[in-house]
Amino acid sequence: SARFALGSPGTVPGPMPSSLRRNLSLDLAASVGVGITMALMGTILPSVARRQGLDPLGLAILAASPFLANLLGAFAGRIGPRTQRQFGVMRALGALCLVLMLFMPVPTLLAVVAFGYWLTHAFGVPIQHRLWGAIYPTRERGRLLGVVATGRTAAAGVAALAGGIIADRIGGLGAIAI
């Protein structure tokens, strides 16, 4: 049986090409991973940082870091990655920040490294959108990226609920690292 693209009301969707289905599956899987990471960093990292001794001002900065990174992401078109290779390096740096958080002995450094992760994420958004523009047909792009965003949001919701249970069992930074 053929896979079908999502259709808008009143239209009959046609079969989804296998390359489009493959790209959607990869983007959905990556988006689920991003949703889980974002949820765990937003819910567990502040309590870990507080237990390690981060003061209230530091906690406020930690909480504001994803928003500050998104604000700075406005400059990503000028100083952010412009090629797929640079985009890959940016994502690898973000993953490195996640790993480095496990080894940060000082909570202030933990907050700085967390900001580094959010910054790599924000600076990758413009090229990610350009890649999606090249991959997905204009007519289907909104619906398909809606599926990707729904997967990210659903994963974030489940991760936020399950993250506390996992953190109780293995520790906060271990839960974020998973």
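From a predicted model like this one, the values you see are computed outputs, not experimental measurements.

Draft legend 1. Just the overall build of the protein chain, in detail. Looking only at helices and strands, the protein chain has eight helices and zero strands in total. Traced from its N-terminal end to its C-terminal end, the protein chain shows the element sequence α-α-α-α-α-α-α-α. Dimensions along the principal axes, computed over C-alpha positions, put the protein chain at roughly 60 × 40 × 25 Å. Relative to its 178 residues, the protein chain shows a buried fraction of 35%. Nonlocal contacts in the protein chain, meaning residues at least 24 apart in sequence, comprise 72% of its contacts between residues at least 6 apart. Distance from the positive charge centre (15 side chains) to the negative charge centre (4 side chains) of the protein chain: 10 Å.

Draft legend 2. How the structure looks around a nonpolar patch on the surface. A contiguous nonpolar surface patch, about 610 Å² in accessible area, is contributed by Val-89, Leu-93, Leu-96, Val-99, Leu-100, Leu-102 and Phe-103. With respect to the secondary-structure elements, Leu-102 resides in the loop between helix 5 (84-101) and helix 6 (107-135). Owing to a relative accessible area of 36%, Leu-102 belongs among the partly exposed residues under this scheme.

Draft legend 3. Expanded view of the pattern of salt bridges. A full pass over the atoms with the stated rule returns one salt bridge. Here Glu-140 ties to Arg-143 by a salt bridge, and the two come within 3.1 Å at their closest N and O atoms. With Glu-140 and Arg-143 both in helix 7 (residues 138-170) and three residues apart, the pair spans about one turn of that helix. When its relative accessible area of 15% is taken as the criterion, Glu-140 is described as buried.

Draft legend 4. Seen up close, the packing of helix 1 (residues 18-43) against helix 6. Axis separation between helix 1 and helix 6 bottoms out at 13 Å; the angle between their running directions is 160 degrees. Comparing the axis directions of helix 1 and helix 6 gives the class roughly antiparallel. In this structure, helix 1 meets helix 6 at a crossing whose hand is left-handed. Each of Leu-20, Asn-23, Asp-27, Val-34, Thr-37, Met-38 and Met-41 in helix 1 lies in contact with helix 6, whose residues at this interface are Ala-114, Tyr-117, Trp-118, His-121, Gln-128, Trp-132 and Ile-135. Taken together, the residues of the contact of helix 1 with helix 6 break down into nine nonpolar, four polar and one charged.

Draft legend 5. Fine view of the nonpolar core. With 23 residues, the main nonpolar core has Met-41, Ile-44, Leu-45, Leu-62, Met-101 and Leu-110 as its most contacted residues. Sorting the residues of this core by element identifies helix 1, helix 2 (45-51), helix 3 (56-72), helix 5, helix 6 and helix 8 (172-177) as the ones contributing at least two each. Broken down by element, the residue count for this core peaks at seven residues, all from helix 6. Leave out the neighbours within four places in its chain, and Leu-62 touches Leu-45, Pro-46, Ala-49, Leu-54, Ala-111 and Ala-114. Of all hydrophobic cores here, the second largest spans eight residues; its members include Leu-24, Trp-132, Leu-145 and Val-148.

The rules behind each value
- Residues numbered from 1 in each chain as written.
- Predicted model: local features only at pLDDT ≥ 70, side-chain atom pairs only at ≥ 80, totals over all residues.
- Heavy atoms only, no water.
- Helix = DSSP H or I, 4+ residues; strand = E, 2+ residues; numbered from the N terminus.
- Buried < 20%, exposed > 50% of the residue type's maximum accessible area, 1.4 Å probe, protein only.
- Contact = heavy atoms within 4.5 Å.
- Lys, Arg positive; Asp, Glu negative; His and termini not counted.
- Charge placed at Lys NZ, Arg CZ, Asp CG, Glu CD.
- Patch = residues over 30% accessible without salt bridge, like charges linked within 9 Å, V, L, I, M, F, W, Y side chains within 5 Å.
- Areas by Shrake-Rupley, 256 points an atom, 1.4 Å probe, with all protein chains shown as cover.
- Salt bridge = Lys/Arg side-chain N within 4 Å of Asp/Glu carboxyl O.
- Axes fitted to C-alpha atoms, helices over the stretch in contact; angles between N-to-C directions.
- Parallel < 35°, antiparallel > 145°, perpendicular 65-115°, else oblique.
- Left-handed = near helix turned anticlockwise from the far one by under 90°.
- Nonpolar A, V, L, I, M, F, W, Y, C, P; charged D, E, K, R; others polar.
- Core = buried A, V, L, I, M, F, W, Y, C linked by side-chain atoms within 4.5 Å.

This is a description of form; function is not addressed.
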